[in-house]
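The chain contents come next:
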Amino acid sequence: MTGPFGDGDGNSGILSWLYDSMYDGKQAASDAGDVAMKLLRSTGKAAWYAGTTFLVFILPLMILAEREQQQSDLDFQQAFMGD
């Protein structure tokens, strides 16, 4: 495929060139769609891993830190009031 006027092998004509160009365009669009789906899947997996890690490891630590802060505040208030 060298252009719309032939390639020197007897395969000439604008229709042949147009068909080849359309086929290449469809193939490129199909490849782009495949890449997009793979990217979407991998992004979804990464989001799943990040969310699960947050729920399993980070959230319990945040709850523990909040409880310790509340206990510290309560101890401070009791010490300040002289109780």
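My aim in this report is to walk through the structure given alongside it, one point at a time. Quantities reported herein were computed from a predicted structural model and do not represent experimental measurements.

Conventions adopted
Residues numbered from 1 in each chain as written. Predicted model: local features only at pLDDT ≥ 70, side-chain atom pairs only at ≥ 80, totals over all residues. Heavy atoms only, no water. Helix = DSSP H or I, 4+ residues; strand = E, 2+ residues; numbered from the N terminus. Buried < 20%, exposed > 50% of the residue type's maximum accessible area, 1.4 Å probe, protein only. Areas by Shrake-Rupley, 256 points an atom, 1.4 Å probe, with all protein chains shown as cover. Patch = residues over 30% accessible without salt bridge, like charges linked within 9 Å, V, L, I, M, F, W, Y side chains within 5 Å. Salt bridge = Lys/Arg side-chain N within 4 Å of Asp/Glu carboxyl O.

### Considerations on the overall build of the protein
1) Next: Of regular secondary structure, the protein possesses 1 helix and 0 strands.
2) Next: Buried residues in the protein amount to 1% of all 83 residues.
3) Next: Entry remark: accessible area of the protein is about 7400 Å², with carbon and sulfur atoms responsible for 65%.

### Quick word on a nonpolar patch on the surface
1) Next: On the surface, Phe54, Leu55, Val56, Phe57, Ile58, Leu59, Leu61, Met62, Ile63 and Leu64 cluster together into a nonpolar patch covering about 930 Å² of accessible area.
2) Next: In this fold, Leu55 is placed in helix H1 (residues 14-81).
3) Next: By relative accessible area, Leu55 is classed as exposed at 54%.

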